[in-house]
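# Topology and contacts: notes
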Amino acid sequence: MNLFPELKKKYTKETMNAREAQRLAEFIAFGPVIFQTARIMLKLGIMDMIRNSENGLTIEEVANKANISTYAAKCLLEASLCIGTVLIDPQTDKFTISKTGWFLINDPATRVNIDFNHDVNYLGWFNLEESLLEGKPVGLKTLGDWPTVYEGLSSLPKHIQDSWFGFDHFYSDNSFDQALEIVFGNNPGTLLDVGGNTGRWALRCVDYDKDVNVTILDLPQQIGMMKENIKGHNGAERIDGLGINLLDETSEMPSDRKFEAIWMSQFLDCFSEDQIVSILRRAAKVMDKNSQLYIMETLWDRQRFEPAALCLTLTSLYFTAIANGNSKMYHSEDMERLVKEAGLEIETIHDYLGQGHSIMVCKLK
């Protein structure tokens, strides 16, 4: 199994002593309440209050500032102390922020992940076992009655939509600047954005290159959201949309026009291996020897830092329980195999883009 260096250090040999391993086991056992304690400490502003205090705060001071009971403050702070997000001065009984607490407050990826897991996934995780055994997103019923979450995105309550799109956009948007340089290094005049969602990438493309024309391919509901989202933006007249469901094997990509570049960002992770091969084969049909297909994914084995791999492999289980029941964040060896099975070959792979993306640049064999 391919693993980038920091992952290899972490995942190929034991790094904890027995007590550390035992503590982690209990951390896992109490995982749900640990998550909620940390989330509530952030939501009520207690973490910020402690960080902004000169020498820390006592339980009573936290209770007064947060307008909660002393009992609630004591429960939250004592739990947070044992979780590791705050520290205590035994002489003054004042709590201060730990390094872990600092990351909870300041790391934008952590905050996005917390909102995503609480608003979108938390209730559905209860059905993870059924989802794994049945191969369908049993936990999706906590959000609505759709075959996959994608059909329901436009119907979700606003706070859940905000957390879903916040998660999706945070990771992709952080890679766009580098991705634009890679894609437009070949000066494509036409680009097919497969799974273009709300049109954020397309808008960046038409802003970056004043001559490019972009066609977004996505579900009909998503095309409707996209058209509303791009209204009034510069270059919007050079973006059009085509609503199709690529899960339907008879749905073909448009062959009535030539696309010099085909773009798939955080798209193929939404499908099973068989579905990925089918989609890539259909993409290959509208390519010629000069076309290039760009696949941007957060491949979990190609991460610079280990925490990213942790986030990605656990996000796979969101796909299992909530999104569609059969997709995941892929290992690069799996994605390379699927690309080749579809009749394509990889010219190069660009790593370390944004928050851990890689771009596979593919062409016809």
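With respect to burial, strand β3 (residues 190–194) is a largely interior element, four of its five residues being buried. Pairing of β3 with strand β4 (residues 213–218), which is carried by five bridges, proceeds in the parallel orientation. Across the sheet, the residue bridging to threonine 190 is asparagine 213, located in β4. At this point the chain moves from β3, through helix α13 (residues 200–208), to the parallel β4, and the crossover so formed is right-handed. Alignment of β3 against strand β6 (residues 261–265), held across three bridges, turns out to be parallel. Note on β6: the bridge partner recorded for leucine 192 is isoleucine 262.

Another aspect to go through is helix α17 (residues 332–341). When we look at burial in α17, the residues that qualify are Ser332, Met335, Leu338 and Val339. Along α17, the residues classed as buried sweep out an arc of 125° about the axis, all on the same side. For α17, the elements touching its buried residues are α15 (273–285), β7 (292–297), β8 (344–353) and β9 (357–364).

Attention now moves to the environment of glutamate 181. Inspection of the secondary structure puts glutamate 181 in helix α12 (residues 176–183). Separated by 27 residues in sequence, glutamate 181 and tyrosine 208 have C-alpha atoms that sit 9.2 Å apart.

Summed over the entire model, instances satisfying the criterion amount to 14 aromatic pairs. Here phenylalanine 35 and tyrosine 122 contribute two aromatic rings whose centre-to-centre distance is 5.6 Å and whose plane-to-plane angle is 20°, an arrangement assigned as stacked. Of this pair, phenylalanine 35 sits in helix α3 (residues 31–43) while tyrosine 122 sits in the loop between α8 (108–121) and α9 (128–134), and the two are 87 residues apart along the sequence. Ring plane angle 85° and centroid distance 5.2 Å describe the contact between tryptophan 102 and phenylalanine 103, whose orientation is recorded as edge-to-face. Residue classification places tryptophan 102 among the partly exposed positions, given a relative accessible area of 45%. What makes phenylalanine 103 partly exposed here is its relative accessible area of 47%. Following the ring pairs from residue to residue traces out a cluster consisting of Phe116, Phe167, Phe170, Tyr171, Tyr318 and Phe319.

Definitions and cut-offs
Residues numbered from 1 in each chain as written. Predicted model: local features only at pLDDT ≥ 70, side-chain atom pairs only at ≥ 80, totals over all residues. Heavy atoms only, no water. Buried < 20%, exposed > 50% of the residue type's maximum accessible area, 1.4 Å probe, protein only. Helix = DSSP H or I, 4+ residues; strand = E, 2+ residues; numbered from the N terminus. Pairing = 2+ DSSP bridges. Right-handed = clockwise from strand over helix to strand, strands pointing away. Arc of directions from axis to C-beta. Contact = heavy atoms within 4.5 Å. Phe/Tyr/Trp six-rings, centres within 6.5 Å; stacked < 30°, edge-to-face > 60°.

On their own, these measurements won't tell you what the molecule is for.
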